[in-house]
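# Structure assessment
What follows is the residue order along each chain.
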Amino acid sequence: MAKKVLIIEDEDSLSELIKVNLEACGFCTIQAMDGETGLKKTLAEMPDVIILDIRLPGLNGWEVCRRLKTDSHTRDIPVIFLSASTSKDNESRSKEVGGAIFVTKPFDAALLPKIVDKILCESGRE
Amino acid sequence: MSYKTKLLLAISLISITLLAITTSSIILLSKDILFERTSTKTDTIGKILVEDIQRDLAEGIFNHIEGVITTADNQANIEFVSLVNRKNNIIMYSSKSELCNKPDPYKDTGDIGNIKGDIYIRSFPLEYAKYNFLSVQLGYSLAEMRKDLNQISNRAVYINAGVVIFILFIAWFISGKLLMPLVEMKNAADQIANGNFSPRLTVKTKDVIGELAASLNNMANQLDELTNNLNQKIQDATSELQQVNKELHNKTAALEDSNKKLKELDKLKSEFVSMVSHELRTPLTAIIGFSNTLSNLKLSDEQKEKYLKIIESEGKRLAGLIEDFLDISKIELGIISSKMTRLNIAELIKETIERIKIPCDIKIEMNFLPDSLYVFGDRDRIKQVILNITDNAIRYSKPGGKIFITAEKTMDEITVSIKDEGPGIKKEDLKKVFDKFFRSKDSIAQKSRGSGLGLAIVKGIIEMHNGKIWAESEPGKGAAFYFSLSSSEKA
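Residues numbered from 1 in each chain as written. Chains lettered and ligands numbered in written order. Predicted model: local features only at pLDDT ≥ 70, side-chain atom pairs only at ≥ 80, totals over all residues. Heavy atoms only, no water.

The number of helices and strands found in chain B is eight helices and eleven strands. The buried share of chain B, taken over its 491 residues, is 37%. When contacts within chain B are restricted to residue pairs at least 6 apart in sequence, long-range pairs at least 24 apart make up 67% of them. As displayed, chain B offers around 30,600 Å² of accessible surface, 56% of which is attributable to carbon and sulfur atoms. (Helix = DSSP H or I, 4+ residues; strand = E, 2+ residues; numbered from the N terminus. Buried < 20%, exposed > 50% of the residue type's maximum accessible area, 1.4 Å probe, protein only. Contact = heavy atoms within 4.5 Å. Areas by Shrake-Rupley, 256 points an atom, 1.4 Å probe, with all protein chains shown as cover.)

So, in structure tokens, the structure goes:
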């Protein structure tokens, strides 16, 4: 069965880019344009992996991740952070809030499915 | 021992010595006079006796001789009178005398000054040839003379003791009086030594002490003047130092201020660079990502077209961002060029709004009074102003929100307002909204995807046109941006 990936990204173009590349590698994708929607879709769809942008309208990525990690239902879903910032602070903060990996923009879209595979493998969800 | 005591002692010693010498001289002189007088008196009585007795002897009146002797004996101070022969046997003596019981005759006592006893004894030989073996012996009592001498000595001593006391008193008084200016000078010198230069002495005399007092006054004057000069100099130096210190303080404050500003500027600069890189990353990621996707994946024609369009729009967005960065750089460097023409602002607004992609849930209402409003400005730049403010209003509008754009003429100015129904701006942020990269901390602002330079560019352009720009807001009820431009060519 295809693994489900939830993409929480407010930039249409980037969300589409991630979606098309993951689907080409056999993943099933769900899209959310903001944090609130992302949290709702997580509970409804229970994805295997979440790709989470940090700068989002409303709840930001950090807050979304914090809420995911405090909910026992969603706690174990690995989170891949996306950010245009290359700051080391952000990288360490992503680890603090329980992010699995921190990917900076611009990223290689073709590599993203491999990163997702690796994270799934590490978390034992494959 | 004080100087006064010493002086007093010296005067006393001298006076006592002088008086002692005088006293002893007086006593000695008195003694001599008294001795002389006594011996003369004895001699006189003796001579008279000798003459009387010789005459009686010559006339043969022997019984008269006894009477003569007795008469002589009755004279004051005469102790005894006797007539003795060559062998010193007493032949006759005065009746008062007690010599009748005396077996041995008297011996002459010699010089009056050497007598130890109370009686001065002298013999006077008779010169009458027949009786020249006889001599008259006279005893003269010295008791009265000694009494007188004692009295004189006592008086001299008493008077001189009184004089000594008087001299001592005068010496004490004079020395006190003489020493007074010295004491005053000493006190003044003490005060001067302690740093008080105010005491001055009254110069009364023209002697050494007076000169000393004058010198002391002079010294005090010079010291006073010197100290005053020094104090003045110290005061001047202190105030100068204080002034310099104040200036230094001000300069330090100014330096700190400019340092702070520089730091802020530096921070803004790095923020600018960081923001620029951040803003460029998203469209770049899309462009690179979709280009790779198009060449790597097998896609339908429909998908290909869609992605190519994304690449195009992201490319345009990138171009827009770069344009904004360039604009703000030009504005900040003051090298922006402008072509000033007469513009119908209402038409320009309408034209600009038509070209904006407005979300279907946001409505824009325009109202212009009157319809034809003209301003002088650079067409493209004013368009950019309208575009940026409206774009901003759209980004902060809630779904279903409205944006009101008005323009009206006031005096020789045209004021344009663009109001939204968004979250509004906090009072403390009203002035900051025109700063580069300023973004409200409200959560909704994070939806903003502008360059963060839109309003900064707007402000730069309006100021370039000598116009005014400001923002008003009631938090929760939306924000309004106003700009006014001159309707005449002069501006």
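Now that the structure has been shown, we can carry on.
This part is about the overall build of chain A. Regarding its fold elements, chain A presents five helices and five strands. Element order for chain A, N to C, with α for helix and β for strand: β-α-β-α-β-α-β-α-β-α. Burial analysis of chain A (126 residues in total) assigns 52% to the buried set. Of the roughly 5,600 Å² that chain A leaves accessible, carbon and sulfur atoms contribute 49%.

Our focus in this paragraph is the pattern of salt bridges. Oppositely charged side chains may form a pair once their charged atoms are brought near each other. All names here are of chain B. One pass over the full model with this rule turns up 23 salt bridges over all chains. Among the ionic pairs, Lys 186 bridges to Asp 190, the shortest N-O distance being 3.1 Å. Here Asp 190 and Lys 186 lie together in helix H3 (residues 143-193), a separation of four residues that amounts to about one turn. Given the relative accessible area of 35%, Asp 190 is considered partly exposed. Between Arg 381 and Asp 327 there is a salt bridge; the shortest N-O distance is 3.5 Å. With a gap of 54 residues between them, Arg 381 in helix H7 (residues 379-396) and Asp 327 in helix H5 (residues 301-333) connect regions that are remote in the sequence. Both residues of the pair, Arg 381 and Asp 327, belong to the buried class. (Salt bridge = Lys/Arg side-chain N within 4 Å of Asp/Glu carboxyl O.)

In this section: the confidence of the model for chain B. Looking at chain B as a whole, its pLDDT mean stands at 84, while 94% of the residues score no less than 70. Ignoring residues within four places in sequence, the model shows residues 443-448 of chain B, a span with pLDDT below 50, making 15 contacts including any to other chains. (pLDDT = per-residue confidence, 0-100.)

The next point concerns the sheet that holds strand S10 (residues 468-473) of chain B. Residue and element names in this part refer to chain B. The mixed open sheet is built from five strands, whose spatial order is S6-S8-S9-S11-S10. If you trace the sheet from one side to the other, it starts and ends with strand S6 (363-369) and S10, each paired once. Strand-to-strand twist in this sheet, taken as the mean axis angle between neighbours without regard to direction, amounts to 15°. Inspection of the sheet shows strand S8 (residues 402-410) paired to strand S9 (residues 413-419) by seven bridges, in the antiparallel sense. Pairing of Thr 410 across the sheet is with Glu 413, part of S9. (Pairing = 2+ DSSP bridges. Axes fitted to C-alpha atoms, helices over the stretch in contact; angles between N-to-C directions.)

In this complex, chain B contributes 25 residues to the contact, which on the side of chain A involves 24 residues. Taken together, the two surfaces of chain B and chain A that pack against each other cover about 2,000 Å², and 56% of this comes from carbon and sulfur. Along the contact surface separating chain B from chain A lie two salt bridges. Ionic pairing is found between Glu 11 of chain A and Arg 317 of chain B, a salt bridge with its closest N-O pair at 2.8 Å. (Buried area = accessible area lost by both parts, 1.4 Å probe.)

Moving on, we come to helix H1 (residues 12-24) of chain A. Spanning 13 residues, H1 of chain A covers 18 Å between terminal C-alpha atoms, matching the ideal 18 Å at 1.5 Å per step. Where H1 of chain A ends, the next residue or the one after it, Gly 26 of chain A, has phi of about 90°, a positive value. (Expected span 1.5 Å × (residues − 1).)

This next bit is on the pairing of strand S3 (residues 49-53) of chain A. Residues and elements named next belong to chain A. Most of S3 sits out of view: five of its five residues are buried. Covered by surrounding structure in S3 are Val 49, Ile 51 and Asp 53 together with Ile 50 and Leu 52, the residues of both alternating faces. Of the strand pairs in this sheet, strand S1 (residues 4-8) and S3 are connected by four bridges, and their pairing is parallel. The partner of Ile 8 across the bridge, within S3, is Leu 52.

The α-helix advances 3.6 residues per turn, and as a result positions three or four apart in sequence lie on the same side. Residues and elements named next belong to chain B. Taken together, the buried positions of helix H6 (residues 345-355) are occupied by Ile 345, Ala 346, Leu 348, Ile 349, Thr 352 and Ile 353. Around the axis of H6, the buried residues are gathered within 160° of arc, so they sit on the same side. With respect to the buried face of H6, the exposed residues turned more than 90 degrees away are Glu 347, Glu 354 and Arg 355. Tucked into the core, H6 has its buried residues touching strand S5 (340-344), S6, strand S7 (374-378), H7, S8 and S9. Near the N-terminus of H6, the side chain that reaches the backbone nitrogen of Ala 346, with its oxygen 3.1 Å away, is that of Asn 344. (Arc of directions from axis to C-beta. Polar contact = N/O pair within 3.5 Å; in protein donor to acceptor, adjacent residues only side chain to side chain.)

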